[in-house]
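Survey of secondary and tertiary structure
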Amino acid sequence: MTDRIGLDETSEERPKMNKNIEVHEADPDSATAQTLLKAGYAAMQAEFPKKRNVEFDPKLLAAGGMTLFIGYLDGEPVGCCALSLQPEFSELKKLYVAPSARGLGVAELLIRHVENFARTSGSQKIMLESGVRLHAAHRLYDRLGYRSCGAFGNHEVDPESSFFQKNLGS
């Protein structure tokens with residue numbers, strides 16, 4: 001399954017570019033997926049060093065039954081996002097976009113793709129956990145219709161975490 005969007009950016013918030021963004025489902029064991037997942041984990045470790053004390057193993061995604069998607073900008077892999085389908089809700093996980101591709105619409109397209117995948121899989125609600133200092137991500141979630149909520153699933157209340165949800169409707 002692939003999504004594609006051609007962007008002609010003219011707003012002052014984003015550089016003026018004509019970029020092609022695609023999203024593809026990916027094998028979490030692939031070298032590309034592991035590179036992006038490790039980069040995302042390293043970025044979170046740098047921002048929240050006390051939060052996660054264990055070494056990240058991208059292969060746990062496949063073992064955990066998650067579906068991984070990779071975002072490509074002009075054919076180059078620049079971001080990823082995973083989805084865990086659960087009986088009561090779906091969980092958006094591991095959203096990461098390389099610094100060189102931020103602000104170009106990659107994260108938004110990844111999220112929209114994951115939402116569509118969750119919806120077509122029968123999910124009525126999507127939830128996510130985010131770091132409290134990831135303000136740009138929070139603005140994106142708000143713009144896409146996510147609302148703040150309490151801890152959910154196996155997540156615990158944590159002063160370094162924010163939680164969001166969105167009803168997907170039918």
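Up top you'll find the structure we're talking about.
Residues numbered from 1 in each chain as written. Predicted model: local features only at pLDDT ≥ 70, side-chain atom pairs only at ≥ 80, totals over all residues. Heavy atoms only, no water.

Brief notes about the overall build of the chain
Applicable threshold: Segments assigned H or I by DSSP are reported as helices when at least four residues long, segments assigned E as strands when at least two residues long, and all are numbered from the N terminus. Per-residue accessibility, obtained with a 1.4 Å probe over protein chains only, is compared with the maximum for each type, and a residue is labelled buried under 20%, exposed over 50%, and partly exposed between these values. Working rule for contacts: check all heavy atoms of both residues, and any pair within 4.5 Å makes them a contact. All accessible-area figures derive from a Shrake-Rupley calculation using a 1.4 Å probe, and residue coverage is judged against the displayed protein chains alone.
Tallying secondary structure elements over the chain gives four helices and eight strands in all. Helices and strands in the chain line up, N terminus first, as β-β-α-α-β-β-β-α-β-α-β-β. Expressed as a percentage of its 170 residues, the buried residues of the chain come to 43%. By sequence separation, contacts in the chain at least 24 residues apart represent 60% of the contacts at least 6 residues apart. Total accessible area on the chain is roughly 9,300 Å²; 49% of this is exposed by carbon and sulfur atoms.

With respect to the side chain of Glu-115
Positionally, Glu-115 belongs in helix H3 (residues 106-120). Overall, Glu-115 belongs to the buried group, its relative accessible area being 3%. Not counting residues within four places of it along the chain, the set of residues in contact with Glu-115 comprises Ile-126, Tyr-146, Lys-166 and Leu-168.

Overview of the packing of aromatic side chains
What counts is decided by this rule: Centres within 6.5 Å are what make two rings of Phe, Tyr or Trp a pair, Trp counting through its six-membered ring; a difference in plane orientation under 30 degrees is then read as stacked, over 60 as edge-to-face, and the rest as tilted.
As enumerated under the stated definition, the model contains five aromatic pairs in all. Ring plane angle 85 degrees and centroid distance 5.4 Å describe the contact between Phe-89 and Phe-152, whose orientation is recorded as edge-to-face. Taken together, the positions of Phe-89 in the loop between strand S4 (76-85) and strand S5 (90-97) and Phe-152 in the loop between strand S7 (147-149) and strand S8 (161-167) put the pair 63 residues apart, joining distant regions of the chain. Comparing Phe-89 with Phe-152 shows no difference in burial state: the two are buried.

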